[in-house]
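An overview of the molecular structure
If you want the building blocks of each chain, they are given just below.
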Amino acid sequence: MLQRLPLNLPLIVVVLSWGFNFVSLKVLYQDMLPPALMFNRSVVMAVLLALVVRGRGLSLAYPKEDRNRILFAGFVSMGVYMVVFLEGLQRTTPAEGAIMLATAPILTFLLSAFLKQEIFTFAALWGSLIGFVGVAIVILGGGQGAVHGSLLGNLMCLASAFIWGTGVVIMRPLLHRYDPTQVFTLSIPGAIPVMLLYGLLPAIHTDYSAISSLGWIMFAQVTMISGVVSFVCFYIGLHQIGPSRATMYQFFIPPTAAIFQWLIYGRALAPLQWLGLGVLMAGVVYTSRARALASRT
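Residues numbered from 1 in each chain as written. Predicted model: local features only at pLDDT ≥ 70, side-chain atom pairs only at ≥ 80, totals over all residues. Heavy atoms only, no water.

The next thing to look at is the overall build of the protein. Across its full length, the protein holds 13 helices and 0 strands. What you see for the protein is a C-alpha radius of gyration of 19 Å, in line with the 19 Å of a compact globule of 297 residues. Seen through its C-alpha atoms, the protein measures out along the principal axes to roughly 50 × 45 × 35 Å. Taken across its 297 residues, the protein has 53% of its residues classed as buried. Sequence-distant contacts in the protein: of pairs separated by 6 or more residues, those separated by 24 or more amount to 88%. Looking at the protein, you have 17 positive and 8 negative side-chain charges, and the mean spots of the two groups are 11 Å apart. (Helix = DSSP H or I, 4+ residues; strand = E, 2+ residues; numbered from the N terminus. Rg over C-alpha atoms; globule rule 2.2 N^0.38 Å. Buried < 20%, exposed > 50% of the residue type's maximum accessible area, 1.4 Å probe, protein only. Contact = heavy atoms within 4.5 Å. Lys, Arg positive; Asp, Glu negative; His and termini not counted. Charge placed at Lys NZ, Arg CZ, Asp CG, Glu CD.)

What follows is the structure, encoded as structure tokens:
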């Protein structure tokens, strides 16, 4: 896999920033609770992405025939997903949260095959089963006395991967007709009901004067770097080297998060958890290759 993977600077930025994102969120939680973070991040991202879209000469008007699908995709991906993910990450470690979220390609395949958006293959199913064996090893493999995420937190992060996959399935038909950054930006208002119910009051009652300089740096990271710059970089890389190879870069995010967790917190994964991560990545790669082969036939 590595021999066929060309070095691509935009996608390297994505791996580093999304890997660090799991750690920066945990640091930011010391100054800002997840509901307030979700609300503030979504508002800032919406403004910045709108500027990016307009700067590229694209429209911010909703196509009538796809407006409801776009908004529903935002409700799922930027609303429900963010709530479950942020609450789950609060209850687990950065590395374990990243590993749980790495199941998203597997879960997306299973849902896509069920809805007949993709061809079902037993090879991909076997890859999915291998991946979930890896997840089980990670969850159960924390060594005695090691810093270990809670079962609830890990399951919530796993559920968020399924919710994200659902959003991808909803949005997939749109990506054949519209620019991905444009669709993503237009989808954010669909999350407004969730943002208001979950995050408005906590955002109002947050003492922003008490947020540390490090907290503001982490907020800039999760909002502007991981939320806007990396999203744009991902689609630049997607255009430069193609979707199959661009997706391969995402396999490096969980180990990157684990390394950042070790560097900043001094908390390493237990040896058995590294084994589980390897099994999960093998399952994801196997599933992804089976999906690619099935799409060519």
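Let us look at the pattern of salt bridges. In this structure the tally under the stated criterion is 3 salt bridges. Between Arg 56 and Asp 179 there is a salt bridge, and its shortest N-O distance comes to 2.9 Å. Taken together, the residues Arg 56 in the loop between helix 2 (34–55) and helix 3 (67–90) and Asp 179 in the loop between helix 7 (151–175) and helix 8 (180–187) connect sequence positions 123 residues apart. A relative accessible area of 47% means that Arg 56 is categorised as partly exposed. Take Asp 179: its relative accessible area is 19%, and that puts it in the buried class. (Salt bridge = Lys/Arg side-chain N within 4 Å of Asp/Glu carboxyl O.)

A few words on the environment of Ala 161. For Ala 161, the location among the structural elements is in helix 7. With near-sequence residues (within four places) excluded, Ala 161 lies in contact with Met 100, Leu 101, Thr 103, Ala 104 and Leu 107.

With that settled, consider the confidence of the model for the protein. Parts of the model with low pLDDT should not have their predicted coordinates read in detail. Averaged over every residue, the pLDDT of the protein is 85; residues scoring 70 or more account for 91%. The lowest-confidence element of the protein is helix 11 (residues 243–249), averaging 65 in pLDDT; the highest-confidence one is helix 9 (residues 192–205), averaging 96. (pLDDT = per-residue confidence, 0-100.)

With that out of the way, let us pick up the nonpolar core. With 60 residues, the main nonpolar core has Phe 22, Leu 37, Met 38, Phe 85 and Leu 86 as its most contacted residues. Counting residues per element, this core draws most heavily on helix 3, at 11 residues. Beyond its immediate stretch of four places on either side in the chain, Phe 22 contacts Phe 85, Leu 89, Pro 94, Gly 97, Ala 98, Leu 101, Ile 253 and Ala 257. Counting 18 residues, the second largest nonpolar core, distinct from the first, contains Ala 102, Ala 258, Leu 269 and Met 281. (Core = buried A, V, L, I, M, F, W, Y, C linked by side-chain atoms within 4.5 Å.)

Look at helix 1 (residues 9–28) against helix 12 (residues 253–265): their axes get within 8 Å of each other, and the N-to-C directions meet at 45 degrees. Comparing their axes, helix 12 and helix 1 come out oblique. Remark: the crossing between helix 1 and helix 12 carries right-handed chirality. Between helix 1 and helix 12, the contacting residues are Val 15, Leu 16, Trp 18, Gly 19, Phe 20, Phe 22, Val 23, Lys 26 and Val 27 on the first element and Ile 253, Thr 256, Ala 257, Phe 260, Gln 261, Ile 264 and Tyr 265 on the second. Taken together, the residues of the contact of helix 1 with helix 12 sort by class into 12 nonpolar, 3 polar and 1 charged. (Axes fitted to C-alpha atoms, helices over the stretch in contact; angles between N-to-C directions. Parallel < 35°, antiparallel > 145°, perpendicular 65-115°, else oblique. Left-handed = near helix turned anticlockwise from the far one by under 90°. Nonpolar A, V, L, I, M, F, W, Y, C, P; charged D, E, K, R; others polar.)

So, about a nonpolar patch on the surface. On the surface, Phe 120, Phe 122, Trp 126, Leu 129, Ile 130 and Tyr 286 cluster together to form a nonpolar patch covering roughly 670 Å² of accessible area. Looking at the nonpolar patch, the element that brings in the most residues is helix 6 (residues 122–140), giving 4 residues. Along the chain, Trp 126 falls in helix 6. Exposure remark for Trp 126: the relative accessible area of 55% places this residue in the exposed category. (Patch = residues over 30% accessible without salt bridge, like charges linked within 9 Å, V, L, I, M, F, W, Y side chains within 5 Å. Areas by Shrake-Rupley, 256 points an atom, 1.4 Å probe, with all protein chains shown as cover.)

Attention shifts here to the packing of helix 1 against helix 4 (residues 94–101). The geometry of helix 1 relative to helix 4 is characterised by a closest axis approach of 9 Å and an angle of 130 degrees between their N-to-C directions. The orientation of helix 1 with respect to helix 4, classified from their angle, is oblique. Pair helix 1 / helix 4 crosses with right-handed handedness. Here Phe 22, Val 23 and Lys 26 of helix 1 come into contact with helix 4, specifically with Pro 94, Gly 97, Ala 98 and Leu 101.

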